[in-house]
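Analysis of the macromolecular model
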Amino acid sequence: MSETGRGTPAQSATADREIVISRAIDAPRELVFEAFTEVRHLSRWWGPEGFSTTTRAFEFRVGGVWDFVMHGPDGTDYQEWISWTEITPPERIALLHGESRTDPNAFESVLTFASEGAATRIEMRTVFPTKELRDEAAEKYHAIEAGRQTLSSLAAYVTDLARKGVEG
């Protein structure tokens, strides 16, 4: 959006269906991007605090799928499915995310990775099919806080990797 708050019609049309979360991470852009490309990385940081992830299938390519289960701290399992729709290393990843391939409520996310000196700014822009689904994700599933926690986990993970890489 522009400084005046008015964007293009497409931006205005989705504003009430979006959740946007951004964070600066003290690690090189290529490393932050790589943390999304390999399941060995994703399983170490993906999800909010207290969650763990079990991957059933993973193929990082346009049209490829990540089929996984998130295990909540209360023992609840959440079936998850992501299909990668755009991959532009190390700048951008677009994906479709739902409970399964046929989920009518699946949402789109675009992750951008921008260098800020030696650090990286990651932005996660999620657009839901309806305002109601966006509101439900925010209120019932605490999507904004969960997204912040997920990016915090990513930051801790890649910052540690970067430090080990320099030291090792």
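A few points on the structure. (Residues numbered from 1 in each chain as written. Predicted model: local features only at pLDDT ≥ 70, side-chain atom pairs only at ≥ 80, totals over all residues. Heavy atoms only, no water.)

Here we come to the environment of Ser109. Inspection of the secondary structure assignment puts Ser109 in strand β6 (residues 107–116). Take Ser109: its relative accessible area is 6%, and that puts it in the buried class. Between the alpha carbons of Ser109 and Glu86 there is a distance of 10 Å; along the sequence they are 23 residues apart. When neighbours within four sequence positions are excluded, Ser109 is seen to be in contact with Ile93, Ala94, Leu95, Arg125 and Thr126. (Helix = DSSP H or I, 4+ residues; strand = E, 2+ residues; numbered from the N terminus. Buried < 20%, exposed > 50% of the residue type's maximum accessible area, 1.4 Å probe, protein only. Contact = heavy atoms within 4.5 Å.)

In this section: the sheet that holds strand β1 (residues 18–25). A sheet is described by the order of its strands in space; here seven strands give the open sequence β1-β7-β6-β5-β4-β3-β2, paired in antiparallel fashion. The outermost strands of the open sheet, each flanked by one partner alone, are β1 and β2 (52–58). On average, each strand axis in the sheet is inclined to that of its neighbour by 25°, with strand direction left out of account. Direction of pairing for β1 relative to strand β7 (residues 119–127): antiparallel, over a ladder of eight bridges. Across the sheet, residue Ser22 finds its bridge partner in β7, namely Glu123. (Pairing = 2+ DSSP bridges. Axes fitted to C-alpha atoms, helices over the stretch in contact; angles between N-to-C directions.)

This brings us to unusual backbone geometry. In terms of backbone geometry, most residues other than glycine have negative phi values and most peptide bonds are trans. Cis geometry marks the peptide bond from Pro89 to Pro90; its omega dihedral reads -15°. Along the chain, Pro90 falls in the loop between β4 (77–88) and β5 (92–98). Positive phi values are uncommon outside glycine, yet His142 reaches one of about 50°.

Taken as a whole and judged by the stated rule, the model has twelve salt bridges. In this structure, Glu86 engages Arg92 in a salt bridge whose closest nitrogen and oxygen atoms are separated by 2.7 Å. Residue classification places Glu86 among the partly exposed residues on the basis of a relative accessible area of 28%. Under the relative-accessibility criterion, Arg92 is labelled partly exposed at 31%. Here Asp160 makes a salt bridge to Arg163, at a shortest N to O gap of 2.8 Å. One end of the pair, Asp160, and the other, Arg163, are both in helix α5 (residues 143–167), three residues apart, so they sit about a helical turn from each other. Look at Asp160 and you get partly exposed, because its relative accessible area is 26%. Take Arg163: its relative accessible area is 43%, and that puts it in the partly exposed class. Each of the salt bridges in this network shares a partner with another, and the network as a whole consists of Glu18, Glu123 and Arg125. (Salt bridge = Lys/Arg side-chain N within 4 Å of Asp/Glu carboxyl O.)

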